[in-house]
Amino acid sequence: SNAGITVPYYFNLAPNYDATLSLSTLKDRGYQLDTEFRYLTKKHNGKLEYDFIPQDKSFNDEKRDYFNIKHHTKISDKSQLNLKAEGVSDVDFFDDFSSSLETSTRPALQRRLEILKLDKPWRASVAVEDYQVLDADDDPYSKLPEIKLSYSPKKGPKDLKLTVESELIYFDKEDEVTGTRADVKVKLSKKWGQAAWYFKPSLSFEHTLYSLDNNTGPSSPSRSLPTFALDSGLFFDREIKQGKYTQTLEPRLFYTYTPFEDQSDLPVFDTALTNFSESNQLFLENRFTGKDRIADTNQLTFALSSRIQDRENGKELFKASIGQVINFADRKVT
């Protein structure tokens, strides 16, 4: 429905910033102007986009527009500021003008401002996050604010490794349960092995505490759960094509166990099932994203991978994997 002609103009304004203007004529709609400005300095870089239709003939001659801001500032060697913000004039904009199904079905547009400090082994961040809602049935919570602190010291491959992750977030949403969630996760792991094999057990403990408003249940629910995981694998390789390539064979066993705890009295602020197409679910300790649910798990995964690499430059040319998850008990947490 958007047949037309687009003519882009590129302006090489300076070695460290440029602009692109694209003028389009759209059948049954009128004219559209898309603009993009990019910049790069010693401490700042980013991209500003603004697209607009002055009068959309198929939309009551109304002006329609979209903006996208991405900005990064290096405050110091250990601190940085990140800004990301998007917005549209109306909820039908992507349905009418997007070129992909993924874009046209976006439920909300994120606006996030974050200050990040990296001082190894510590990592700290403070952020505020809000959304322009496009689909009322999939309305995310605002985070006002989000505070995170983690500790992950650099260790040798076979040293005992301790990591700590913590966060404190206030979730806000109109006419819904709101409140603060505090979460701390401590994890110990150690790896044994050589080039041909490895054996890596880990034990983690996570505690989550809520302070809730507008909740029909308890106002301060909490949850504490341990998780045990055991990862192991073998590595075989051989030369093929007169030594030009290396082919590997990598069997892997992964076991994880988390006991069941009823979490039905906990809210769901930012948790969902892991997207199957965006992660390798064979080796997850928790099948949920976010912190509102910890999955009860008693499962073993067997997987087999093979890859072909160029011996001269190490480039991976081909990889194939197959795996199977065996659940030893029905999963109850939803």
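Residues numbered from 1 in each chain as written. Predicted model: local features only at pLDDT ≥ 70, side-chain atom pairs only at ≥ 80, totals over all residues. Heavy atoms only, no water.

Regarding the overall build of the protein
Thinking step 1. Within the protein one finds two helices and 18 strands.
Thinking step 2. For a compact globule of 334 residues, the expected C-alpha radius of gyration is about 20 Å, and the protein comes in at 25 Å, more than 25% above that figure.
Thinking step 3. Across its three principal axes, the protein shows a C-alpha extent of roughly 70 × 65 × 45 Å.
Thinking step 4. Taken over 334 residues, the protein has a buried fraction of 34%.
Thinking step 5. Excluding contacts between residues fewer than 6 apart, the proportion of contacts in the protein whose partners are at least 24 apart in sequence is 49%.
Thinking step 6. Carbon together with sulfur atoms contributes 54% to the accessible area of the protein, which is approximately 20,600 Å² in total.
Thinking step 7. For the protein, the distance from the average position of its 46 positive side-chain charges to the average position of its 52 negative side-chain charges is 10 Å. (Helix = DSSP H or I, 4+ residues; strand = E, 2+ residues; numbered from the N terminus. Rg over C-alpha atoms; globule rule 2.2 N^0.38 Å. Buried < 20%, exposed > 50% of the residue type's maximum accessible area, 1.4 Å probe, protein only. Contact = heavy atoms within 4.5 Å. Areas by Shrake-Rupley, 256 points an atom, 1.4 Å probe, with all protein chains shown as cover. Lys, Arg positive; Asp, Glu negative; His and termini not counted. Charge placed at Lys NZ, Arg CZ, Asp CG, Glu CD.)

Let's talk about the pattern of salt bridges
Thinking step 1. This structure, assessed with the given rule, holds 26 salt bridges.
Thinking step 2. Aspartate 18 serves as the salt-bridge partner of arginine 38, at 2.7 Å between the closest nitrogen and oxygen. One end of the pair, arginine 38, is in strand 3 (residues 30-40); the other, aspartate 18, is in strand 2 (residues 17-26), with 20 residues separating them in the sequence.
Thinking step 3. Relative accessible area serves as the criterion here: at 40%, arginine 38 is assigned to the partly exposed category. (Salt bridge = Lys/Arg side-chain N within 4 Å of Asp/Glu carboxyl O.)

Considerations on the nonpolar core
Thinking step 1. Of all hydrophobic cores here, the largest spans nine residues; its members are Leu26, Ile53, Tyr66, Val88, Phe93, Phe94, Phe97, Leu109 and Leu134.
Thinking step 2. Here this core takes three residues from helix 1 (residues 93-97), the largest share from any one element.
Thinking step 3. The next biggest cluster of nonpolar side chains, apart from the first, holds eight residues, and it includes Phe171, Val177, Tyr210 and Phe269. (Core = buried A, V, L, I, M, F, W, Y, C linked by side-chain atoms within 4.5 Å.)

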